[in-house]
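Next come the chains, spelled out residue by residue.
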Amino acid sequence: MLTDVGRVRAHNEDACAADTQLGLFVVCDGMGGAAGGEIASREAAAALLKTAKQLQLDGGPLERMDGAIRAANHTVYQHARQEPRLRGMGTTLVALELSRDAASACVAHAGDSRCYRLRALQLERLTQDHSLVEEQVRLGEITAEEARRSHLRNVITRVVGSNPNVQPDVVLHTVQPGDIFLLCSDGLTRDLSDGDLRSILNRHRRNLAHTARVLVDAANLLGGGDNITVILIAVDGDAPPQHSGL
Ligand code: CA
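In this text the structure is predicted, and so the values were computed from the model without any measurement. (Residues numbered from 1 in each chain as written. Predicted model: local features only at pLDDT ≥ 70, side-chain atom pairs only at ≥ 80, totals over all residues. Heavy atoms only, no water.)

A. Structural view of the packing of helix α6 (residues 194–204) against helix α7 (residues 208–221). One can describe the packing of α6 onto α7 by two numbers: an axis separation of 9 Å at closest approach and a directional angle of 150°. Of the possible angle classes, the one that applies to α6 and α7 is roughly antiparallel. Where α6 crosses over α7, the two elements pack in a sense that is right-handed. Touching Leu197, Ile200, Leu201 and His204 of α6 are His210, Thr211, Val214, Leu215 and Ala218, all from α7. (Axes fitted to C-alpha atoms, helices over the stretch in contact; angles between N-to-C directions. Helix = DSSP H or I, 4+ residues; strand = E, 2+ residues; numbered from the N terminus. Parallel < 35°, antiparallel > 145°, perpendicular 65-115°, else oblique. Left-handed = near helix turned anticlockwise from the far one by under 90°. Contact = heavy atoms within 4.5 Å.)

Shown next as structure tokens:
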């Protein structure tokens, strides 16, 4: 897990957190005036972990994740209502919860922070950005490359904390031994293509801490125009992993 302010911004409005007992990981990318962005991302990440823990024995992973994100939304929204200077603050959120047997992963997101899965050298993006440019790519109006360069790339269509309600995407994915998951904020992906991410992950995958550093350094080398946050989760290739061993 690594977060970096980048080379242009004065503050880091990203947040990342993990509860390895629960197998739960989260990246948030905050926005809003005053200190709103920093507060929104930190509060949302903390509220997600706290609620997921409270709901641990309730329902399945999808319901638990959905409930935890709604609680995060409520926490940030209520705080903004109480402090006028924070009005409108919000955050993206991408979270992954690994099942106890490491056979599946529940991935949820709102906004343009992403989850990728590296499997057998191939990188697959598991989330679709909730952003204006992603919508334009889907409609065939612009290419993925044009989307990365667009001045509208920061316009996101779903956000945690800015409205009374949030509509996250929550999806269950299969997990295989050897899989590596990457959660990241758009500070990583605005300058690095999926192909760049794949080569770096494949080249450095044996040491995750080092890989995280290489990813952040690469984004900084290309400008570091935004805060950069990555979480890497490797699923043991030989035996079913224990959460505590992650
Ligand atoms: Ca960002």
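B. Seen up close, the sheet that holds strand β7 (residues 122–125). Spatially, β1-β10-β9-β6-β7 is the arrangement adopted by the five strands of the open sheet, whose pairing is antiparallel. If you trace the sheet from one side to the other, it starts and ends with β1 (2–4) and β7, each paired once. Strand after strand, the sheet turns through a mean of 20° between neighbouring axes, direction not considered. When strand β6 (residues 114–119) meets strand β9 (residues 180–184), the two strands line up antiparallel, connected through five bridges. Bridge pairing in β9 places Tyr116 opposite Leu182. Across the face of the sheet, α7 comes into contact with β1, β9 and β10 (228–234) while running at roughly 155° to β10. (Pairing = 2+ DSSP bridges.)

C. Just helix α1 (residues 36–54), in detail. With 19 residues, α1 should cover 27 Å at 1.5 Å per step; its first-to-last C-alpha distance of 26 Å lies within 8% of that length. Listed in full, the buried residues belonging to α1 are Gly36, Gly37, Ile39, Ala40, Ser41, Ala44, Ala45, Ala47, Leu48, Leu49, Thr51 and Ala52. Next to the buried residues of α1 lie β2 (14–19), β3 (24–31), α2 (61–82) and β4 (90–98). (Expected span 1.5 Å × (residues − 1). Buried < 20%, exposed > 50% of the residue type's maximum accessible area, 1.4 Å probe, protein only.)

D. Expanded view of α7. Here α7 contains 14 residues, and its C-alpha end-to-end distance of 20 Å stays within 8% of the 20 Å for a straight helix at 1.5 Å per residue. Turning to α7, its buried residues number three or more, namely Thr211, Ala212, Val214, Leu215, Val216, Ala218, Ala219 and Asn220. Buried residues along α7 sit against β1, β9, α5 (186–189), α6 and β10. One side-chain oxygen of the residue at the start of α7 lies 3.2 Å from the amide nitrogen of Ala209, identifying that residue as Asn207. Looking one or two residues beyond α7, the residue adopting positive phi is Gly223, at roughly 130°. (Polar contact = N/O pair within 3.5 Å; in protein donor to acceptor, adjacent residues only side chain to side chain.)

E. Looking closely at the sheet that holds β2. One open sheet accounts for five strands, arranged β2-β3-β4-β5-β8; its pairing is antiparallel. One side of each edge strand has no neighbouring strand; the edge strands of this open sheet are β2 and β8 (169–174). If you compare each strand with its neighbour and ignore which way they point, the axes differ by 15° on average. As paired strands, β3 and β4 are joined by eight bridges and run antiparallel to one another.

F. Layout of a nonpolar patch on the surface. A cluster of nonpolar side chains, namely Leu132, Leu152 and Val155, defines an oily patch on the protein surface of about 190 Å² accessible area. For Leu152, the position within the fold is in the loop between α4 (144–149) and β8. (Patch = residues over 30% accessible without salt bridge, like charges linked within 9 Å, V, L, I, M, F, W, Y side chains within 5 Å. Areas by Shrake-Rupley, 256 points an atom, 1.4 Å probe, with all protein chains shown as cover. Salt bridge = Lys/Arg side-chain N within 4 Å of Asp/Glu carboxyl O.)

G. Structural context of the pairing of β7. Both β6 and β7 contribute to a ladder of four bridges, which runs antiparallel. Residue pairing in the sheet places Leu118 in a bridge with Leu123 of β7. As consecutive antiparallel partners, β6 and β7 are separated by two residues, and within that stretch Ala120 has a phi angle of approximately 50°, a positive value.

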